[in-house]
Amino acid sequence: MTRISTGGLIDRSKTLRFRFDGTNYSGRPGDTLASALLANGVRLMGRSFKYHRPRGVLSAGPEEPSALVELRSGARREPNIPAPVVELFHGLEASSQNRFPSLGFDLMAVNGLLAPLFSAGFYYKTFMWPASWWEKLYEPLIRHAAGLGRAATEDDPDSYDRAHLFCDVLVVGSGPAGLAAALAAGRRGARVVLCESGPLLGGRLLAEHTEIDGMPGPAWAAATEAALRDCPGVTILRRTTVAAVFDHGSYVAVERVADHKPVPDSHEPRQRVWRIVAKRCVLAAGAFERLATFGDNDRPGVMLAGAVRTYLNRYAVLPGRAPVVATSGDDGWRTVADCVRLGIGVAAIIDRRSEITSQQRQLAEASGAQLLLGGRIARVYGGTGLYGLDVEDAAGKRQFVSTELLAVAGGWNPAVQLACHLGGKPVWSEHTQAFVPGTLPPGMSVAGAARGTFGLAAALAEGSAAGAAAADGTGFAGSAPAVPRADDAATTPAPIWFLAGGRGKAFVDFQHDVTTADIAQAQQEGFVSVEHMKRYTTHGMATDQGKTGGVAGMAAMAALTGRSMAETGTTLHRPPYTPIAIGALAGHHRGKDFRPTRRTPAHDWAAEQGASFVETGPWLRAEWFTQPGERTWLQSCTREVNAVRGGVGVCDVSTLGKIEIVGPDAGAFLDFLYINTFSTLPVGRVRYGTMLREDGFVFDDGTTARLAPDRWVMTTTTANAPRVLQHMEFVHQVLRPDWRVAFVSVTDQWAQFAVAGPRARSVIAAVLDAGFDVSDAAFPFMAAGNFTSLGGVETRLFRISFSGEQAYEIGVPSAYGDALVRKIAAAGAVPYGLEALSVMRIEKGHPAGGELNGQTTAMDLGMGRMMSSKKDFIGRAMAQRPALRDPQRPALVGLKPVKAGDRLRAGAHLLPRTATHRIENDQGWISSVAFSPSLNSWIGLGLLANGPARHGEIIRTLDPVRGGNALAEVVSPCFIDPDGVRLRG
Amino acid sequence: MRIPCPHCGERGNDEFFYLGAAGLTRPAADAQPEAWHDYVYLRDNPAGKHSELWQHAHGCRRWLVVTRDTRTHAVFSAVDATP
C-alpha cells in the first residue's frame, strides 16, 4: 500500500470495494479509480493505441491520455473513461483496454517493433498493395491491433435529461479564480451559475498546499461554497462540465448526475445536458500541465508533477517510491516541498536551470535529494513500471537513480478551449510561455490560470474583478469586492521542455501514440502547418484532444522549422471540451420517444378492431384490421376493399391536415394558393385543388370546402400538413399582407372519417341526428355542409370520394371521434385501413405520396388543364417553362401486367418492350402498385415518358433488385368506373 | 444563436424555421422568365451582413426579417416581415 497515513480529502472511516481486471481492491470515499489503484500499488492501467505500450496514469484530471478504462459491464459498459475522473463507488468494476491476452503480457506489443510501419501517415502509405487486401486483411488486422475500448452492445438502460437555465453570469470552474468570481457576482445579487466538473468545489485548492484568508485551501473553498449558498441568485452545479460555447451567450454543459453511483436512483437520469443562456461568462477553467518530451516519457511511473501533488495532498497517495522531480522552472519545487512536508524522501531533483533560489537549495537539502542543475534524463528503465533512471548532470556525468516515480514539471497550458469555440485563436505569450486566450466570445472574460495568471493571490484578485465586472455588465453594480488574501511567492513561468537525447520513443500524444519522430517525418514530407501536421500524424485527435501533449507537438514542429511558437500557432479547438455520451445529447428522444407519437381520436377503437398500426409522419394509422382466419396483410386488405366496393366501409382520415380559413379575402387567397379557382365555389360545395411550389412543381393536394361566404376549411395530405400551413403563413405575411384573411390549423380539433361504398348514404343517414335530408338531390356529389350527430354535436359532412365509391367524409370535434366511429361501425360500415384506401385510390388513379414526390408537375399528373390561365398563382410562371411542358417528360399512366398473375413492383424501371436493359433506354418508373381485387390482378401507377399518348402499348417493367421483368400494358390511370357513375350514385 | 423576436422577446434559434434571403420581390405574373428565374433560384451569399426570413414557428408563428452577420452570427435587427 502506498497510502499516506494522514491527510487527504478521503473518508478513512469507510471502505469501498472495487474490481479492476478481475482483481479485488479497496479504496475510500473521496478516491478516484486512479487514486485508489495507485493506493493499492497498481501502476499499470492500460495499453496504448498503436504500439500497445504499457501505460500508467499521467495526470489527475480529465486531460488523462493513458489510464483509460472500460467502466462497468454489460449494458452499462462505457469505454475510454479516464481513471482520474471516475469517482470510486462500492462495487465499481473496471477493466483495462486494448490488451491481448492480458494487461501485463500483451502480444500486440510487437507493434512497437513494427513501429516503422505504423509511423505518421501509415494509413496512406503502407498496406497499399494489393488493393483488394485492404478490406480483407490489412484493415481488420489493424482494427484488431489498434483502437481503444469497446462500447456496450446492448441498449443503454439509463435515461438522460435535458434542461435549460438562464442567468446573468456563468462561472466556469470553481478553483480560486472561479470561486472569487462567483462570490463577487453573487454578492451583488446577480443570478450566477457556477459549474464545476468535479464533485467538490475548489479546483487546484484541493490539490495544493495553500492558505487563503488564514484557512487551508480546501477549508476556504468550503467556506466560500457556504457563502455562495447564502446568495439567493447562485446555482451551483457540481459534476458539470461546460462542454461548448455557442452564439449569443449559449452554453452546453453536461451534468453527470449519477455517474458516481453504481446505478442511477430510480427515476433519476444518469446525465443531464444543460443549455445555459448567460449574459456574461467568467472562464476560470484553470490550466493543464503539459508533458515534457524525452525518450520513454510514457512509462508507468512518469507523471506530471502537479498531478503528483494532487495524489499526495487530495488523495493521500504516494504514487511511487523514492520520487525524482524534474522541473523546467519553479513549479516542480512545489512537489519537492510537499514531499518534504509529508516526510517523503526525494531521490533526485533535476532542474533545467543552472541557477535556483536559496529557498530551493534549502528544500533540496531538506528532501535529501541529489540536485542536478542543468541536468537531464538520459534513460528510463522499466517497461511495465518505472524502476530507475539514468540522470545526467550539466557536466555530462551519468548515474543510475533507483525510483518508481518521476514527477515532471514542464509548465502549464491555460485551458483556452472554451474561449476558442467561436473561432477566437489563442495567442502565444512569451511571458507566460504558453498559448493564452485571444479574441474572446462576446460576454466572456477569463480569470486565473485559464488566462495564464498562475499565482494564487493574482488568481483571486482577477476572479474577484472579473465576477464584479460581469455583474456590473448585467446591471448589478456595487462597490469593489473584498479580495480573498493569499501570500504566494511569484513564480517564473517555465518554457516548453525538451530533454534531448534519451533512448526510446519520445511521445507528444500518448493516446494516439504520436512521437517526435512522427512530427519530424511530417515536417520532412511537407506537412508543416500545424493543422496539416495534426491530420497527417493524428496528433491531438484522440479523445483527450491533446490537452497534455498538444503544445508539445507544436513546439516540436516549431523547433524543426526554426519558427517561433507564435509563428507556428496552434490548431483550432472545437466543441466538445471533453467527450459527451451520445445518450446525453439524445436525452429522452430515443426509441419510441424519438419524436412525439400522435394518435387519432379513434385509435383505441381501431386497436379493438384488430388494427395493425403504421407510422405516417408522427401519426399512427391503421394499416389493416386483421380478422380471425386471415394470415396475411393482403387477405385483410382485399377483404376490406371488397367490403367497401360491395357494401360500405369506414376509414379514419383524422390525420389529414385541416386548416380553417376566414375573412373577406379568403377566396382570393385560395385562388393564389391553388392552381385552380376557388373564389367562385358556392357555399355548401367542396372542390379538389392542387398547390404548386413557386418553382412550378406540385407541392400538395386536397379538398377545400366553403362553409359560409367568408369561411372555408381546407384539407392537406397528412405528411404536408405543417408545411402547407407554414407556406400559407409565408404567402399571407410576406407576399400578400394586404389580404384580410386569417387561418388556423384545426387538424387536432376535428376527428374525421371516410364512409365509402354503395351503402354509404344509409350509414350517414343513420349516424346523423334525425331530420336531415342527405338524398342525392339534397346533398349531391361535392356537397359540404353543417349537420349534427350524436345528439346535437356539431358535424361537418363532405360528399367527397377518394375510393371512387359513393362516399362521405364526416367530421366531429375530436372528443366525439370515438363515439362517432363506433356509431358508424354499428350502422354496418366495415373498418378499412390505409392499405385498402391506397388500393382503391390506385384503382382510381389518384396521385398520392409516390406521385407527389416533389419532382412532378401538374401536367405530369394529368392535371395540366386544371391550371387556370385567368389568374396568378404560386408556381404559375415557372410551370410554363418549356422543359416542364415537354411531352417527353414522364407522365402518369396506369400499368397492367400482360400475363395474368405477374406482379408489378413499385420502383421498377419502364423500358420499351424490346430495348436492352440500359440506363439510356429508361423511360420512367412505377410509382405505386396494388393488388386490385376488382380486376383480380396486380396494377400499377407509373410515370412514363409521353405516357398519355401511349395507352395500349406493351412495355417492359424491369426491377433488377427483386428480379422483376414483367411486360405490362400502358392504360389509363383510372382502372375503375372512369365515368364516375358510382361516386355520383 | 439567439434571435430577438419582436413579438416574443429573445429566443433560441431552435424555435425558428429558416427559409432564406429576405427582400426579394415576387415578379409580376407576366414578367419575363429571367425575372422569375432570378426570383426562384438566384441568391446572394454574402460574407457579412445578410437579411433573412425566419419564422418563429414554435412561438408567435410570425415570419421575421432577421439581419445578421453571416461570419459572426451577430444579429443587427429582427422585425416582422409584414411591413
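Fair warning: this is a prediction, and the values are worked out from it, not measured in the lab. (Residues numbered from 1 in each chain as written. Chains lettered and ligands numbered in written order. Predicted model: local features only at pLDDT ≥ 70, side-chain atom pairs only at ≥ 80, totals over all residues. Heavy atoms only, no water.)

S.K.: Where do I start with the overall build of chain B in this structure?
M.R.: Of the regular secondary structure elements, chain B holds one helix and six strands. When the helices and strands of chain B are listed from N to C terminus, the series reads β-β-β-α-β-β-β. Principal-axis analysis of the C-alpha atoms gives chain B an extent of 40 × 30 × 20 Å. A buried classification covers 39% of the 83 residues belonging to chain B. In chain B, 43% of the contacts between residues at least 6 apart in sequence involve partners at least 24 apart. Of the roughly 4600 Å² that chain B leaves accessible, carbon and sulfur atoms contribute 52%. Placing the 9 positive and 10 negative side-chain charges of chain B at their respective mean positions leaves the two points 6 Å apart. (Helix = DSSP H or I, 4+ residues; strand = E, 2+ residues; numbered from the N terminus. Buried < 20%, exposed > 50% of the residue type's maximum accessible area, 1.4 Å probe, protein only. Contact = heavy atoms within 4.5 Å. Areas by Shrake-Rupley, 256 points an atom, 1.4 Å probe, with all protein chains shown as cover. Lys, Arg positive; Asp, Glu negative; His and termini not counted. Charge placed at Lys NZ, Arg CZ, Asp CG, Glu CD.)

S.K.: Sorry if this is basic, but what is going on with the overall build of chain A here?
M.R.: Counting its regular elements, chain A contains 23 helices and 49 strands. When the backbone C-alpha atoms are referred to their principal axes, chain A occupies close to 115 × 70 × 55 Å. The buried share of chain A, taken over its 985 residues, is 59%. Taken as a whole, chain A presents about 38700 Å² of accessible surface, with 54% of it coming from carbon and sulfur. Charged side chains in chain A number 102 positive and 94 negative. The centres of these two groups are separated by 2 Å.

S.K.: What exactly am I supposed to notice about helix H10 (residues 516–524) of chain A here?
M.R.: For an α-helix the count is 3.6 residues per turn, leaving residues at separations of three or four pointing the same way. Within the sequence span of H10(A), burial applies to Asp518(A), Ile519(A), Ala520(A), Gln521(A) and Ala522(A). A positive backbone phi angle near 95° is found at Gly526(A), which sits one or two residues after H10(A).

S.K.: How should I be thinking about the environment of Gly22(A) in this particular structure?
M.R.: Residues and elements named next belong to chain A. Along the chain, the position of Gly 22 falls in the loop between strand E1 (16–20) and strand E2 (23–27). On the basis of relative accessible area, Gly 22 is assigned to the partly exposed category, the value being 44%. Between the alpha carbons of Gly 22 and Glu 93 there is a distance of 8.2 Å; along the sequence they are 71 residues apart.

S.K.: What exactly am I supposed to notice about the packing of aromatic side chains here?
M.R.: To describe a pair of aromatic rings, you give the distance between the ring centres and the angle between the ring planes. Residues and elements named next belong to chain A. For the coordinates displayed, the defined rule picks out 24 aromatic pairs over all chains. Seen from their ring centres, Tyr 381 and Phe 400 are 5.4 Å apart, and the 65° between their planes marks the pair as edge-to-face. A residue pair is termed long-range when its members are at least 10 positions apart, and Tyr 381 in strand E21 (residues 376–381) and Phe 400 in strand E23 (residues 398–402) qualify at 19 residues. Taking the relative accessible area as the measure of exposure, Tyr 381 reaches 18% and is therefore buried. Classification of Phe 400 as partly exposed rests on a relative accessible area of 42%. On the basis of an interplanar angle of 10° and a centroid distance of 6.3 Å, the ring pair of Phe 779 and Tyr 808 is categorised as stacked. Taken together, the positions of Phe 779 in the loop between helix H19 (760–767) and strand E40 (784–789) and Tyr 808 in strand E42 (residues 807–813) put the pair 29 residues apart, joining distant regions of the chain. As far as the burial class goes, Phe 779 and Tyr 808 line up, both buried. Site record: aromatic cluster; members linked through ring pairs are Phe 669, Phe 672, Trp 739 and Phe 743. Over the ring of Phe 507 we find Arg 55, and its NZ or CZ is 4.8 Å from the ring centre. (Phe/Tyr/Trp six-rings, centres within 6.5 Å; stacked < 30°, edge-to-face > 60°. Lys NZ or Arg CZ within 6 Å of the ring centre and 35° of its normal.)

S.K.: Any chance you could explain the nonpolar core here in plain terms?
M.R.: Burial of nonpolar side chains together is a common tendency in soluble globular proteins. All names here are of chain A. Counting 75 residues, the largest nonpolar core has Leu 33, Leu 92, Tyr 311 and Met 565 as its most contacted members. Among the elements that line this core, the one with the most residues is helix H12 (residues 550–561), at seven residues. The residues that make up this core include at least three from each of domain 1 (16–126) and domain 3 (297–409). When sequence neighbours within four positions are dropped, the list of residues in contact with Met 565 reads Trp 428, Phe 435, Ile 496, Val 551, Met 554, Ala 555 and Ala 558. Membership of the second largest hydrophobic core comes to 34 residues, among which are Phe 669, Leu 681, Met 728 and Trp 739. (Core = buried A, V, L, I, M, F, W, Y, C linked by side-chain atoms within 4.5 Å. Domains from an automatic or database assignment.)

S.K.: Explain unusual backbone geometry to me, please; I cannot follow it from the model alone.
M.R.: Glycine aside, residues mostly have negative phi angles, and peptide bonds mostly take the trans form. All names here are of chain A. Here the amide bond leading from Pro 575 into Pro 576 is cis, since omega sits at -5°, within 30 degrees of zero. Note on placement: Pro 576 falls in the loop between helix H13 (565–568) and helix H14 (582–586). Of note, the phi angle at Thr 538 is positive, near 65°, even though the residue is not glycine.

S.K.: I'm lost on the environment of Arg28(A) in this one. Help?
M.R.: All names here are of chain A. Among the secondary structure elements, Arg 28 is positioned in the loop between E2 and helix H1 (33–39). Of the residues examined, Arg 28 reaches a relative accessible area of 25% and is grouped as partly exposed. With 17 residues separating them along the chain, Arg 28 and Asp 11 place their C-alpha atoms 5.9 Å apart. Among residues more than four places away in sequence, those in contact with Arg 28 are Arg 3, Ile 10, Asp 11, Arg 12, Lys 14, Thr 15, Leu 16 and Leu 88.

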